[in-house]
Amino acid sequence: MARLDDQARRDELYRDPYPLYDRARRAEGLMYVPEFDAWLVARDQDVREVLLRTEDFSSANALLPDMPLSEAALGVLPRGFGPRPTVVSSDDAAHRRHRAPLNRGLSAARVAALLPYARTCAEELVDGFAADGSAELVEAYASRLPGMVVGRLIGLDPADVPAAVHGGYRAEELLFRPLSPEGQVAAAEDVVALQHLLDGYVRERRERPRGDMCSTMVAALAPGDAELTLEQRHELVTSLQNLLIAGFLTTSALIGTMLLHLLGDRRQWRALRADPSLVPAAVEEAVRHDTAIQAFRRTTTRPVTLAGTKLPAASTVLVAFGSANRDERRYERAGEFDITRPGNRQHLAFGYGTHGCPGSQLARDQLRLTLELFVRRMPELRLDRDRPRPQMRPTLIHRSPQALYVTW
Ligand code: HEM
């Protein structure tokens, strides 16, 4: 019973962490939050400081699961690949080694080359429901487009994308949602299936490299052309799984949240419709105001002082990008969603410093093309008045509405 209460409290906090952030930004020093098992870093300036002091704040545990795994689920996972450190959970030279192929594979030119495909996919998704006059947009659009785009980036056959996307969602559920023991086993089996799918690609691209991200990562993380060792396959599959999830769950979540805020305030939707040149500013404001990755962890490597609070070595801090983005010292009316806000690209929604998001351009482009398309194809888009106001999913890592019922 106590555990259920704890879970309900945590869900409530995750659905709306903003009041806690507000208190933490006003507090002297850092605030310890038992639900996070961490010191909350809430002010813009303090978040930037942690992200730059990489020698004091390690990324080794950047993304820790919320849920302990049952013995049964732990028995399933060794049939797959990993876990191994990835770009997001490594420091220094190891981080640079993981990061180099991502920078190449997500260069401005590579992202630009992906955009015609992204546009075609987006148009086809809208074709699928445009005549209906109503839809649930998370299922019909937001959860689909980014998986197709990241699948193309990695080099997946489009026929394999639904299975990859399913595996990604199941990995998130396994690590971050309370499931029954049988539910955990089923989710673990789906994750193992995803890993075997990715391993097939890794080995295939070793034999026949192409111009895709999978080939780039194989060449960079396992130089040479000898048959891949089992250890190399473990590392490559873990890294590809991380890229897949980092690439689509985040963007899917933000498409949903961005539409929720825009449609929730008719004046702003109408302004956008009247003047589509506002689209880039609307995207930036959506990303600032209610971002998908609310917070990641860092661990102190030695005793440090931050915002006047002394932390011993091995302390956990939760770096709250979502709170920094509402810091009144940086933004006027920080809590308000306002697409006419000037100069708002300085937010921390994509992180900052060496771990800053390498996929931010691809994410922004998908958000932009979505708004351009929706304004053009469904100018009368509105939240469905016959449905209750959308509820947010209880998560800090892929914050999004659970469902988004709309009419037009
Ligand atoms: C709206 C969507 C997105 C948001 C809000 C987002 C946000 C972030 C943030 C805050 C970080 C920094 C994590 C840290 O400091 O520990 C990050 C890192 C990362 N992101 Fe994104 N991201 C998005 C989309 C993407 C896309 C589309 C890709 C790739 C296709 C991607 C790949 C990554 C990777 C690989 C990292 C780890 C980088 C490193 O540790 O060096 N992200 N992202």
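Just above sits the structure.
Structure report, in brief. (Residues numbered from 1 in each chain as written. Predicted model: local features only at pLDDT ≥ 70, side-chain atom pairs only at ≥ 80, totals over all residues. Heavy atoms only, no water.)

Structural notes on the overall build of the protein chain
Point 1. When you go through the protein chain residue by residue, the secondary structure sums to 16 helices and 10 strands.
Point 2. Taking 408 residues into account, the globule formula puts the C-alpha radius of gyration at 22 Å, and the protein chain, at 21 Å, falls close to it.
Point 3. In terms of overall dimensions, the protein chain has C-alpha extents of about 60 × 55 × 45 Å along its principal axes.
Point 4. Going through the 408 residues of the protein chain one by one, you find that 55% of them count as buried.
Point 5. Within the protein chain, contacts between residues at least 6 apart in sequence are counted, and of these 74% link residues at least 24 apart.
Point 6. In the structure as shown, the protein chain presents an accessible area of about 17,800 Å², 53% of it carried by carbon and sulfur atoms.
Point 7. Across the protein chain, the centroid of the 53 positively charged side chains sits 3 Å from that of the 54 negatively charged ones. (Helix = DSSP H or I, 4+ residues; strand = E, 2+ residues; numbered from the N terminus. Rg over C-alpha atoms; globule rule 2.2 N^0.38 Å. Buried < 20%, exposed > 50% of the residue type's maximum accessible area, 1.4 Å probe, protein only. Contact = heavy atoms within 4.5 Å. Areas by Shrake-Rupley, 256 points an atom, 1.4 Å probe, with all protein chains shown as cover. Lys, Arg positive; Asp, Glu negative; His and termini not counted. Charge placed at Lys NZ, Arg CZ, Asp CG, Glu CD.)

Comments concerning the packing of aromatic side chains
Point 1. Enumeration according to the criterion identifies 7 aromatic pairs in this entry.
Point 2. Seen in terms of ring centroids, Y169 and F248 are 5.5 Å apart; in terms of plane orientation they differ by 70°. Their pairing is edge-to-face. Here Y169 is found in helix α9 (residues 161–176), whereas its partner F248 is found in helix α12 (residues 230–264), with 79 residues between them in sequence.
Point 3. By relative accessible area, Y169 is classed as partly exposed at 24%.
Point 4. Over the aromatic face of Y18 sits the side chain of R326, whose NZ or CZ is 3.5 Å from the ring centroid.
Point 5. Note that R387 overlies the ring of Y405, its terminal NZ or CZ placed 3.7 Å from the centroid. (Phe/Tyr/Trp six-rings, centres within 6.5 Å; stacked < 30°, edge-to-face > 60°. Lys NZ or Arg CZ within 6 Å of the ring centre and 35° of its normal.)

Describing the side chain of N325
Point 1. Its location among the elements puts N325 in the loop between α15 (321–324) and α16 (360–377).
Point 2. Within polar-contact distance, the side chain of N325 engages the backbone nitrogen of L348 at 2.7 Å.
Point 3. Not counting residues up to four positions away in its chain, the partners in contact with N325 are V287, R288, T291, Y331, H347, L348 and A349. (Polar contact = N/O pair within 3.5 Å; in protein donor to acceptor, adjacent residues only side chain to side chain.)

Thoughts on the sheet that holds strand β1 (residues 31–33)
Point 1. The 5 strands are arranged β1-β2-β8-β5-β3 in an open sheet whose pairing can be described as mixed. Of all the strands in the sheet, the pair left with one neighbour each is β1 and β3 (57–58).
Point 2. Relative to strand β8 (residues 316–320), strand β2 (residues 38–41) is paired through 3 bridges, and the arrangement is parallel. Bridged to V41 within β8 is V319.
Point 3. Set on the sheet, helix α2 (residues 18–26) makes contact with β1, β2 and β8; between it and β1 the angle comes to about 150°. (Pairing = 2+ DSSP bridges. Axes fitted to C-alpha atoms, helices over the stretch in contact; angles between N-to-C directions.)

So, the site of the ligand
Point 1. If you check the shell around the ligand, you find 27 residues, and the closest are H95, R99, R298, H355 and C357.
Point 2. V87 has a polar backbone atom sitting 3.3 Å from an oxygen atom of the ligand.
Point 3. Between the ligand and R298 there is a distance of 2.8 Å, counted from an oxygen atom to a side-chain nitrogen or oxygen.
Point 4. Those elements that place two or more of their residues in the shell around the ligand are α5 (92–105), α12, β5 (295–300) and α16.
Point 5. Residue contributions to the shell around the ligand peak at 6 residues, all from α12.
Point 6. Taken together, the residues of the shell around the ligand break down into 16 nonpolar, 9 polar and 2 charged. (Near = heavy atom within 4 Å. Nonpolar A, V, L, I, M, F, W, Y, C, P; charged D, E, K, R; others polar.)

Section: the pattern of salt bridges
Point 1. Taken as a whole and judged by the stated rule, the model has 34 salt bridges.
Point 2. We note a salt bridge from D11 to R177, for which the minimum N-O separation is 3.3 Å. With D11 in helix α1 (residues 2–15) and R177 in the loop between α9 and α10 (181–207), this residue pair connects regions lying 166 residues apart in the sequence.
Point 3. Given the relative accessible area of 21%, R177 is considered partly exposed.
Point 4. Taking the shortest distance from any N to any O, the salt bridge between R273 and E380 comes out at 3.5 Å. Linking R273 in helix α13 (residues 266–274) with E380 in the loop between α16 and β9 (382–383), this pair joins segments that are 107 residues apart in sequence.
Point 5. R273 gets classed as partly exposed once you look at its relative accessible area, which sits at 25%.
Point 6. Put simply, E49, R53, D56 and R302 are held in one network by salt bridges that share partners. (Salt bridge = Lys/Arg side-chain N within 4 Å of Asp/Glu carboxyl O.)

Without other data, these values stay purely geometric and don't point to any function.
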